[in-house]
Amino acid sequence: MPVRGIRGATTATGNDAGAIVEATEELLRELVLLNHLDVEEIPFAYFTTTPDLDAEFPALAARALGWVDAPLLCGHDMAVPQPNPRAVSRCIRVLILYNTPRPQTAMRFVYLRGAEAIRADLESSRT
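A quick note: this is a predicted structure, and the numbers were derived from the prediction, not measured. (Residues numbered from 1 in each chain as written. Predicted model: local features only at pLDDT ≥ 70, side-chain atom pairs only at ≥ 80, totals over all residues. Heavy atoms only, no water.)

Enquirer: Pulling in residues and values, what's your account of the sheet that holds strand β1 (residues 3–11)?
Expert: Strands in a sheet are paired, the pairing made by backbone hydrogen bonds, and the direction either parallel or antiparallel. Spatially, β3-β2-β4-β1-β5 is the arrangement adopted by the five strands of the open sheet, whose pairing is mixed. The strands lining the two open edges of the sheet, one partner per strand, are β3 (72–76) and β5 (110–111). Examined bridge by bridge, strand β2 (residues 44–49) and strand β4 (residues 91–99) share six bridges and lie antiparallel to one another. The residue of β4 that forms the bridge with Ala 45 is Ile 96. Across the sheet, helix α1 (residues 17–35) lies against β1, β2, β4 and β5, angled at about 140 degrees from β1, the strand it touches most. (Pairing = 2+ DSSP bridges. Helix = DSSP H or I, 4+ residues; strand = E, 2+ residues; numbered from the N terminus. Contact = heavy atoms within 4.5 Å. Axes fitted to C-alpha atoms, helices over the stretch in contact; angles between N-to-C directions.)

Enquirer: Would you mind going over the side chain of Thr 24 in detail, with residue names and values included?
Expert: Its location among the elements puts Thr 24 in helix α1. When residues no more than four places from it in sequence are discounted, the contact partners of Thr 24 are Phe 47, Pro 58, Ala 61 and Ile 92.

Enquirer: I'd like a description of the environment of Gly 14, backed by residues and values.
Expert: Relative to the assigned elements, Gly 14 resides in the loop between β1 and α1. For the pair Gly 14 and Arg 90, spaced 76 residues apart in the sequence, the C-alpha separation amounts to 7.0 Å. Residues in contact with Gly 14, not counting those within four places in the same chain, are Ala 19, Ile 20, Leu 53 and Arg 90.

Enquirer: Account for a nonpolar patch on the surface, naming residues and giving values.
Expert: Among the surface-exposed residues, Tyr 46, Leu 73 and Leu 95 lie close enough to one another that they form a single nonpolar patch of about 230 Å² accessible area. Counting through the fold element by element, Leu 95 comes out in strand β4. (Patch = residues over 30% accessible without salt bridge, like charges linked within 9 Å, V, L, I, M, F, W, Y side chains within 5 Å. Areas by Shrake-Rupley, 256 points an atom, 1.4 Å probe, with all protein chains shown as cover. Salt bridge = Lys/Arg side-chain N within 4 Å of Asp/Glu carboxyl O.)

Enquirer: Account for unusual backbone geometry, with residues named and values stated.
Expert: In this structure, Pro 83 follows Gln 82 across a cis peptide bond, with omega equal to 25 degrees. In this structure, Pro 83 sits in the loop between β3 and β4. Unlike most non-glycine residues, His 36 shows phi in positive territory, near 55 degrees. Its place among the elements puts His 36 in the loop between α1 and β2. Despite not being glycine, Arg 90 shows a phi value in the positive range, around 50 degrees.

So, in structure tokens, the structure goes:
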């Protein structure tokens, strides 16, 4: 079965465990809903945060949502300075690998809160 990539990003309201987990849970719930994901078909997810978020691992949110069998990994994004439009503060990003016969073009990416600037930049690259 083919493996597809699904991207998403959001921002946390602050550098504390509750804010990081809450923002990540919201993002993951939206990705699951929008893409009709079966958690059993997620072979891997990679989370990153900007260097200004270090109070908790975003993968904790996935575990709380029942993602207990998928390998999860967390890391930090590159510290790219603003005014780069992709340099969003307090940003949590995820790349989910998903087993599905659906084409890559059917995968829907989600950008919430302040991370919507990343989507706008991505869309401008496509046109």
